[in-house]
Amino acid sequence: MGESFAVRDNPAQSRFELDLDGSMALAEYTLDDGVMTFTHTETPPALQGRGAASKLIHGALSAARARGLKVRATCSFVVAYLERHPEFADLTPSSDPR
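Residues numbered from 1 in each chain as written. Predicted model: local features only at pLDDT ≥ 70, side-chain atom pairs only at ≥ 80, totals over all residues. Heavy atoms only, no water.

**Student:** Please set out the packing of aromatic side chains residue by residue, giving values where relevant.
**Tutor:** This model, assessed by the stated rule, comprises four aromatic pairs. Taken together, a centroid distance of 6.3 Å and an interplanar angle of 40° make the contact between Y81 and F88 tilted. An identical accessibility class is assigned to Y81 and F88; each is buried. (Phe/Tyr/Trp six-rings, centres within 6.5 Å; stacked < 30°, edge-to-face > 60°. Buried < 20%, exposed > 50% of the residue type's maximum accessible area, 1.4 Å probe, protein only.)

Below is the structure:
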């Protein structure tokens, strides 16, 4: 409890990173025309089951919002996170009416 964590953007590698207890979780993205597309989330075994991926994605989505970006997800974890967290619904582009 009271664990301190900081999510950081590493634009040189197109990913967000979260360090906890000597391990790093990461969320890879692409950036195109004001849309950040999350393509892959990776959590090392030492951090699994501790909410590290959720903390990472929460921080990444908050950073995208602060930068005025829209968010798209091709990573299944991020898709599921967005479904469970409607407070980030404003970040997703409107559905294509096709």
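Still more ground to cover, so stick around.
**Student:** Before we move on, could you go through the pairing of strand β4 (residues 35–42) and cite the residues and values that matter?
**Tutor:** As paired strands, strand β3 (residues 23–32) and β4 are joined by seven bridges and run antiparallel to one another. Directly across from E28, in β4, lies its bridge partner H40. Between the end of β3 and the start of β4, which pair antiparallel, lie two residues, with D33 showing a positive phi angle near 50°. Bridging between β4 and strand β5 (residues 70–73) involves four bridges; their strand directions are parallel. Bridging from a neighbouring strand, V35 pairs with K70 of β5. Note that the unit made of β4, helix α1 (residues 52–66) and β5 has a crossover that is right-handed. (Pairing = 2+ DSSP bridges. Helix = DSSP H or I, 4+ residues; strand = E, 2+ residues; numbered from the N terminus. Right-handed = clockwise from strand over helix to strand, strands pointing away.)

**Student:** A description of the environment of T41 should follow, citing residues and the corresponding values.
**Tutor:** With respect to the helices and strands, the residue T41 is situated in strand β4. Counting along the chain gives 15 residues from T41 to L56, while the straight-line C-alpha distance between them is 9.0 Å. Sequence-distant contacts of T41, that is, excluding residues within four places in its chain, are made with L26, A27, A53, L56, I57, C75, F77 and V78. (Contact = heavy atoms within 4.5 Å.)

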